[in-house]
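One letter stands for each residue in the lines below.
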Amino acid sequence: MEGKGIDGKLDKSEQSCEEISHLSIDIGGTLIKIVYFSTNSKCSTSDEVPALSKERQEVPNGDLNHHILSGRLYFVKFETSKIEDCIKFLSSKKLQQCVITGAQCHHSHAVDKIKIKATGGGAFKFANLFKEKLGITLDKVEEMESLVTGANFLLKAVSHEAYTYIGGQKEYVQIDQKDLYPYLLVNIGSGVSMIKVDGDGKFQRVSGTSVGGGTFLGLGKLLTKCQSFDELLELSHQGNNRVIDMLVGDIYGGLDYSKIGLASTAIASSFGKAISENKELEDYKPEDIARSLLRMISNNIGQIAYLNALRFGLKRIFLGGFFIRDHAYTMDTISVAVDFWSKGEAKAMFLRHEGFLGALGAFMNYKDGNADFMAPQLVEQQPPKSSSCIVDRIHNSTRVHENENGAIDCRLRVSSSFKIYDDVKRR
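Let me sum up the structure you'll find in this document.

Observations concerning the overall build of the chain
When you go through the chain residue by residue, the secondary structure sums to twelve helices and 25 strands. Looking at the chain residue by residue over its 427 residues, the buried ones come to 52%. Considering only contacts within the chain whose residues lie at least 6 apart along the sequence, 67% involve residues at least 24 apart. In the structure as shown, the chain presents an accessible area of about 19,700 Å², 49% of it carried by carbon and sulfur atoms.

Encoded structure:
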């Protein structure tokens, strides 16, 4: 499936029985993104603890004794303006510590000792709120580092993660790990960051723009009265930007400006027709405004992205962030912009898990060193050529798949030294 996350909902059937042992959160200016691992055990009135299957496999620290904890990796999002909904969602879950004794995982609900990995500006802004409401400490992870870590993992570990969108056709791209770096990561959140990635832990934010998802929603609310990003995006489906945008053909009497390669349908000025027409805001259809606004911002991002790639001689441009949302018109506009300015030499590539790069990167940031907590570490790996493979000195034969709600079935390897290795692999 193509779903990359679900909106946070308080499902009464799951509130009391879903147990979370590891969780990370990315709190942006517009959206809150959460990644969490749950044993997803069924409700029970007994105090039984989940049993762990024993395996003996080679692990990086040389310890051959470890266990497997089965569960799911979930992806959830909320609007930051509705952070109380996020608080309620988390309070409905059983955030736990998990301590291994023998072949069992013993859960502790000592909330005052729980720390979760957090990234984004909101990790600073709302730290006290999480402490007051939930008793949770936000262990902050640097934002750009989280984005790059999440992107690197997905591009290396997940097959069919990156794809192009040209002429209404989605085509997945095979990533050659030996030729992955350097690349440009364009993360489109409330604003836009452009990051030159040279390797694991090697990156530099080289540019950006304040015209991003926050601009789309902010101006959209003012101009159309839509109250949410999804509502505004849905409205744009029905619109016609040519009613508001001034095209090259409007200036040249319906003709192309062929000397410089501009077709008559190219946009000469976004919202340009509003200058000469004797109309007020209420005279324009909200759907046309939404369409024009989306076109303007997407074109701008595509152009700036390519110019930065050109500046550093980068061949690959990957785009993430919840602004895109697998939306055909958005991807088509960005793709056309990159293709136009590069004269067909570069292509925009999108990521299936676009909006969760930061949260996933923060999830991977858990480290060892505290015997009271077990730390998850996502292992970067290639899709297997056989039933098992050796990657980063870890033997892996775990299979993982996505559920209809966007969750990923996975197993966490728990070693006796309290390390967890999350074996994420797609068939």
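Now, onward.
Re the pattern of salt bridges
For the structure on display, the rule yields nine salt bridges. The shortest N-O distance in the salt bridge between K170 and D326 comes to 3.0 Å. Residue K170 is located in strand 12 (residues 169-172), and its partner D326 is located in the loop between strand 18 (317-320) and helix 11 (328-341); the two are separated by 156 residues in the primary sequence. One salt bridge connects R325 with D230, and the closest N-O pair in it is separated by 2.4 Å. Placement of the pair is R325 in the loop between strand 18 and helix 11 and D230 in helix 7 (residues 229-237), with a sequence separation of 95 residues. Residue classification places R325 among the buried positions, given a relative accessible area of 16%.

Focus: the sheet that holds strand 12
What holds strands together in a sheet is hydrogen bonding between their backbones, with the strands either parallel or antiparallel. Taken together, seven strands build an open sheet; the order of strands is 12-11-19-18-13-14-15 and the sheet is mixed. Both edges of this open sheet fall to strand 12 and strand 15 (202-209), since each of them pairs with a single strand only. Adjacent strand axes in the sheet meet at a mean angle of 30°, parallel and antiparallel pairs treated alike. Judged from the six bridges that link them, strand 13 (residues 183-188) and strand 14 (residues 192-199) form a sheet pairing that is antiparallel. In the strand pairing of strand 14, L185 is matched with I195. Helix 10 (residues 286-312) contacts strand 13, strand 14, strand 15 and strand 18 of the sheet and is inclined by roughly 140° relative to strand 15. The strands that helix 11 touches are strand 11 (162-166), strand 13, strand 18 and strand 19 (348-351); relative to strand 19, the one it contacts most, it runs at about 150°.

Brief notes about the nonpolar core
Ranked by size, the top nonpolar core spans 36 residues in total, and within it V186, I188, F216, L319, F323 and F350 carry the most contacts. Among the nonpolar cores identified, the runner-up in size contains 27 residues, and C86, A123, F126 and L138 belong to it.

Describing the packing of helix 2 (residues 83-91) against helix 4 (residues 127-134)
Running from amino to carboxyl end, helix 2 crosses helix 4 at an angle of 40°, the nearest separation of the two axes being 11 Å. By the angle class used here, helix 2 and helix 4 are oblique. When the axes of helix 2 and helix 4 are compared, the crossing they make is right-handed. On the side of helix 2, the interface is formed by I83, E84, C86, I87, L90 and S91, while helix 4 contributes L129, F130, K133 and L134. Residue composition of the contact of helix 2 with helix 4, grouped by class: seven nonpolar, one polar and two charged.

Parameters and conventions
- Residues numbered from 1 in each chain as written.
- Predicted model: local features only at pLDDT ≥ 70, side-chain atom pairs only at ≥ 80, totals over all residues.
- Heavy atoms only, no water.
- Helix = DSSP H or I, 4+ residues; strand = E, 2+ residues; numbered from the N terminus.
- Buried < 20%, exposed > 50% of the residue type's maximum accessible area, 1.4 Å probe, protein only.
- Contact = heavy atoms within 4.5 Å.
- Areas by Shrake-Rupley, 256 points an atom, 1.4 Å probe, with all protein chains shown as cover.
- Salt bridge = Lys/Arg side-chain N within 4 Å of Asp/Glu carboxyl O.
- Pairing = 2+ DSSP bridges.
- Axes fitted to C-alpha atoms, helices over the stretch in contact; angles between N-to-C directions.
- Core = buried A, V, L, I, M, F, W, Y, C linked by side-chain atoms within 4.5 Å.
- Parallel < 35°, antiparallel > 145°, perpendicular 65-115°, else oblique.
- Left-handed = near helix turned anticlockwise from the far one by under 90°.
- Nonpolar A, V, L, I, M, F, W, Y, C, P; charged D, E, K, R; others polar.

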